[in-house]
Amino acid sequence: MTESSESQRSRGKHPAEEVLYSRIVEAITDKQLRPGEHLNEVKLAESYAVPRSRVHRVLERLRDEEVVAFELNRGAFICRPTVEESMHVLEARRHLEYSVIRLVCQRHTPEQISMLRDFLVEEQAVFDRRDPQANRKAGEFHMLLARMPGNPVLERMLVNLIRRGVLIQSVYESSSGLLCLTDEHRRIVEFIAQNRPEEAVHEMAHHFDHIITSLDLHAGRGSATSIYSVP
Ligand SMILES: [Zn+2]
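Residues numbered from 1 in each chain as written. Predicted model: local features only at pLDDT ≥ 70, side-chain atom pairs only at ≥ 80, totals over all residues. Heavy atoms only, no water.

(A) Main features of the overall build of the protein. If you tally the helices and strands in the protein, you get 10 helices and three strands. Beginning at the N terminus, the succession of helices and strands in the protein can be written as α-α-β-α-α-β-β-α-α-α-α-α-α. By the burial criterion, 45% of the 231 residues in the protein qualify as buried. Within the protein, residue pairs in contact and separated by at least 24 positions form 75% of the contacts whose partners lie at least 6 positions apart. Element-wise, carbon and sulfur atoms account for 53% of the exposed surface of the protein, whose accessible area totals about 12,800 Å². (Helix = DSSP H or I, 4+ residues; strand = E, 2+ residues; numbered from the N terminus. Buried < 20%, exposed > 50% of the residue type's maximum accessible area, 1.4 Å probe, protein only. Contact = heavy atoms within 4.5 Å. Areas by Shrake-Rupley, 256 points an atom, 1.4 Å probe, with all protein chains shown as cover.)

(B) Region of interest: the confidence of the model for the protein. For the protein, mean pLDDT is 87; residues scoring 70 or higher make up 87% of the total. Taken together, the stretch residues 1-10 has pLDDT below 50 and engages in four contacts with residues farther than four places along the chain or on a different chain. Here residues 225-231 is modelled with pLDDT under 50, and outside its nearest four sequence neighbours on either side it reaches zero contacts, counting other chains as well. (pLDDT = per-residue confidence, 0-100.)

(C) Region of the structure containing empty space enclosed by the protein. This model, assessed by the stated rule, comprises one cavity of 30 Å³ or more. For the largest cavity, the calculated volume is near 40 Å³. As for the largest cavity, its lining consists of Glu66, Cys79, Pro81, Glu85, Val89, Arg164, Leu167 and Ile168. Mapped by element, the contributors of at least two residues to the lining of the largest cavity are helix 5 (83-107) and helix 8 (152-172). Among the elements that take part in the lining of the largest cavity, helix 8 stands out by supplying three residues, more than any other. (1 Å grid on protein atoms, 1.4 Å probe; cavity = no way out; pocket = protein on both sides within 12 Å on 5 of 7 lines; lining within 4 Å. Points joined across faces, edges and corners; volume = space filled by probe spheres on them.)

(D) Representation of the packing of helix 9 (residues 182-193) against helix 10 (residues 197-213) in the model. Running from N to C, helix 9 and helix 10 point in directions that differ by 165°, and their axes come no closer than 8 Å. Between helix 9 and helix 10, the angle falls in the class roughly antiparallel. Helix 10 is crossed by helix 9, and the crossing has left-handed handedness. Counted together, Glu184, His185, Arg187, Ile188, Phe191 and Ile192 of helix 9 and Glu199, Ala200, Glu203, Met204, His206, His207 and His210 of helix 10 form the full contact between these two elements. Each residue belonging to the contact of helix 9 with helix 10 can be placed in one class, and the counts come to five nonpolar, four polar and four charged. (Axes fitted to C-alpha atoms, helices over the stretch in contact; angles between N-to-C directions. Parallel < 35°, antiparallel > 145°, perpendicular 65-115°, else oblique. Left-handed = near helix turned anticlockwise from the far one by under 90°. Nonpolar A, V, L, I, M, F, W, Y, C, P; charged D, E, K, R; others polar.)

(E) Main features of the side chain of Thr182. Mapped onto the elements, Thr182 comes out in helix 9. At 2.8 Å, the side chain of Thr182 forms a polar contact with the side chain of Gln124. Setting aside anything within four residues of it in sequence, one finds Thr182 in contact with Glu123, Gln124 and Phe127. (Polar contact = N/O pair within 3.5 Å; in protein donor to acceptor, adjacent residues only side chain to side chain.)

Pasting the structure below:
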């Protein structure tokens with residue numbers, strides 16, 4: 001391999017980096033990796049048999065997506081969003097999702113509607129058997145909608161906010177656990193299929209209100225306990 005093609009490859013997305021990136025993202029979504037957890041570069045390099053430089057690049061990519069933060073002399077950690085940041089992420093996500101719904105109403109194909117309906121059947125099955133991956137499945141509904149307008153810029157922004165939403169949920173969820181209700185997803189899809197954008201957006205707004213009330217977004221929940229703060 002020539003030097004120029006090697007440097008081109010290293011600038012692109014290397015398969016080993018993609019595997020590690022996807023694995024970390026899945027572990028966050030499935031709550032195997034929690035906010036505040038340390039990511040050990042040496043161990044990751046050994047486990048995935050990739051050079052440490054590649055592990056570092058994956059962690060830098062996750063830092064750019066505000067999923068991982070580096071601390072001086074301590075390495076990389078899964079971000080722990082504050083209450084204020086969480087409110088900002090949820091507000092931005094809500095408004096991007098409204099825009100996505102309006103665009104999907106304008107642009108959808110019959111195949112996309114079938115895809116959404118097929119997805120709802122699968123999602124219901126996952127919920128009915130109380131599958132531990134139900135949260136991941138519910139997130140996929142929002143990811144699927146994000147892809148449908150065919151605008152990769154909008155999709156990337158929204159996927160990033162959905163992912164950060166998982167971190168918010170990990171820190172602030174109240175006991176009930178599941179945030180997305182399948183019947184709300186179903187109503188959104190039916191309004192889209194009937195080209196009724198305002199009703200679809202209204203249903204999504206209701207869905208978001210529901211998500212926010214399932215979170216305990218009060219100051220103090222997100223910060224680690226400190227022995228220096230007097231209760
Ligand atoms: Zn949902």
